[in-house]
Amino acid sequence: MFLREYWYVACASSQLGDAPRAVRVLDRDIVVFRGGGRRPRALADRCCHRGVKLSLGRVTQGALACGYHGWRYSGGGECVHIPSLAGGRRIPERCGVPAFPCAEQDGYVWVWLGESHGGAPPPAPSIDGFAAHRWDQGSVELGCASIKGLENNLDWCHPAFAHPWTHWQFYTALFRGLREELLELRPAPDGMTLRGPVREDGGAPGQRSLQTLLSFKLPDRVEVRSLGGPSRRIVLHFVPTAPDRCRLEWMIARALPFGARVRFRQEEPAILRQDRILLESAELACAEPGALREHHVEADAPALLLRRILESAARGEWEQRRASLPERRVIRVMA
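Residues numbered from 1 in each chain as written. Predicted model: local features only at pLDDT ≥ 70, side-chain atom pairs only at ≥ 80, totals over all residues. Heavy atoms only, no water.

Another aspect to go through is the overall build of the chain. When helices and strands are counted, the chain shows six helices and 20 strands. C-alpha extents for the chain along the principal axes are approximately 80 × 45 × 35 Å. Relative to its full complement of 335 residues, the chain shows a buried share of 47%. Considering only residue pairs separated by 6 or more positions, the chain has 58% of its internal contacts joining residues 24 or more positions apart. (Helix = DSSP H or I, 4+ residues; strand = E, 2+ residues; numbered from the N terminus. Buried < 20%, exposed > 50% of the residue type's maximum accessible area, 1.4 Å probe, protein only. Contact = heavy atoms within 4.5 Å.)

This part is about the packing of aromatic side chains. Evaluation of the coordinates by the stated rule reveals six aromatic pairs. When the centroid spacing of 5.7 Å and the interplanar angle of 65 degrees are considered together, the rings of W7 and W112 count as edge-to-face. One end of the pair, W7, is in strand β1 (residues 7-12); the other, W112, is in strand β11 (residues 108-112), with 105 residues separating them in the sequence. Here W7 matches W112 in class, with each residue buried. Consider the rings of F170 and Y171, whose centres lie 5.4 Å apart with planes at 80 degrees: the pair is edge-to-face. Accessibility expressed as a relative area gives 12% for F170, which makes it buried. On the basis of relative accessible area, Y171 is assigned to the partly exposed category, the value being 32%. One aromatic cluster is present, built from ring pairs that chain together W165, F170 and Y171. (Phe/Tyr/Trp six-rings, centres within 6.5 Å; stacked < 30°, edge-to-face > 60°.)

Following the criterion strictly, the structure yields one cavity of 30 Å³ or more and no others. Surrounding the largest cavity, L142, G149, N152, N153, L236, F238, L248, L272, D275, R276 and L279 form its lining. Looking at the lining of the largest cavity, the elements that each hand over two or more residues are α1 (146-152), β17 (233-242) and α4 (270-287). The element best represented in the lining of the largest cavity is α4, accounting for four residues. (1 Å grid on protein atoms, 1.4 Å probe; cavity = no way out; pocket = protein on both sides within 12 Å on 5 of 7 lines; lining within 4 Å. Points joined across faces, edges and corners; volume = space filled by probe spheres on them.)

Throughout the structure, instances matching the rule amount to 29 salt bridges. As a salt-bridge pair, R265 and D136 come within 3.8 Å of each other at their nearest N and O atoms. With R265 in the loop between β19 (262-264) and α4 and D136 in strand β12 (residues 135-142), this pair connects stretches of sequence that are 129 residues apart. Taking relative accessible area as the criterion, D136 reaches 16% and is therefore assigned buried. The residue E268 makes a salt bridge to R276 at a minimum N-O spacing of 2.8 Å. Each member of the salt-bridge network shares a partner with another, and the members are D128, R221, E223, R225 and R233. (Salt bridge = Lys/Arg side-chain N within 4 Å of Asp/Glu carboxyl O.)

So, on to the sheet that holds strand β8 (residues 79-81). Taking strand neighbours across the sheet as the criterion, the four strands line up as β5-β6-β7-β8 in an open arrangement whose pairing is antiparallel. Across the chains shown, the open sheet's two edge strands, defined by having one partner strand only, are β5 (58-60) and β8. (Pairing = 2+ DSSP bridges.)

All right, on to the nonpolar core then. Membership of the largest hydrophobic core comes to 66 residues, with the highest contact counts inside it found for V25, I30 and F216. If one sorts the elements of this core by residue count, helix α5 (residues 301-314) sits on top with six residues. When residues no more than four places from it in sequence are discounted, the contact partners of I30 are R21, A22, V23, V25, A42, L43, D45, F100, V111 and L113. C47, L64, I82 and C95 belong to the second-largest nonpolar core, a separate cluster that totals 13 residues. (Core = buried A, V, L, I, M, F, W, Y, C linked by side-chain atoms within 4.5 Å.)

Right, let's get into α4. In an α-helix, one turn spans 3.6 residues; hence positions three or four apart end up facing the same way. Taking 1.5 Å as the rise per residue, α4 with 18 residues should run 26 Å; its terminal C-alpha atoms sit 26 Å apart, in good agreement. Where α4 is concerned, the buried positions are L272, Q274, D275, R276, L279 and E283. In this structure, the buried residues of α4 make contact with β12, α1, α2 (159-162) and β18 (245-253). (Expected span 1.5 Å × (residues − 1).)

Shown next as structure tokens:
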């Protein structure tokens, strides 16, 4: 179940240089490249001549030339040059490859695979507060469905167990044990938010209490923010690449406001590796014949709401469905 009428991250801006880059988004193999004026472009990753991947070619005069016979394509997908054509011969009609809307915004190159209802898609999404931070950024392939990554990062209760020595909740549980907390779950027009700890009336438990805000935005973004204390920002995009695979494009705000605006990291952060191992294990269990049925408790409410959002959005019904849900739900957990 892919949501097509949305923008998705193709790659980090810093990773798209002079050479074309192959990426997988949803169920499409795409090539992105910088065309005229260094503007990013996105085409289906195949030449209409012999089907060779265009990502194996090179950028020439703002167009993308196939590495096999040099057939050259504009950013709009039209074939604009065939080297083997003798003088006076014309390029065959309808000679070209599919092109997709492409944009560059807040450290990422974005691609749109939807139909756009016959018109232009909306502007590419922004990352709130992007200019106020310095960021570390990276990309990790995950052997699990994107929904599992989204659920994991809306799961308040897993860090004490899943993230030994890497997450503050592990240390809190280690030194004082698990305690009862109240969380506030709210559906939103573009997803949902989860905030805690809170009081029954929604306020912070104490004047100096630190709170965390988790938010999901359609189709594939989770953000983590700290409230009432030192600024902490994490932005995660779980880009689907197959029904049982995805690519995590991660961005973490650095504590010190120095250096490049965005710094790309090749290594996988330890905390993300801990999640990946567990999520890939869960995906394997889902694929086994006769897999056990899931059982849920109150702490699973955010994951269950996420599933309803994605299912409703796939049918274009989330806005109507949201109106029938409680505006606010308080969840009682041990964390």
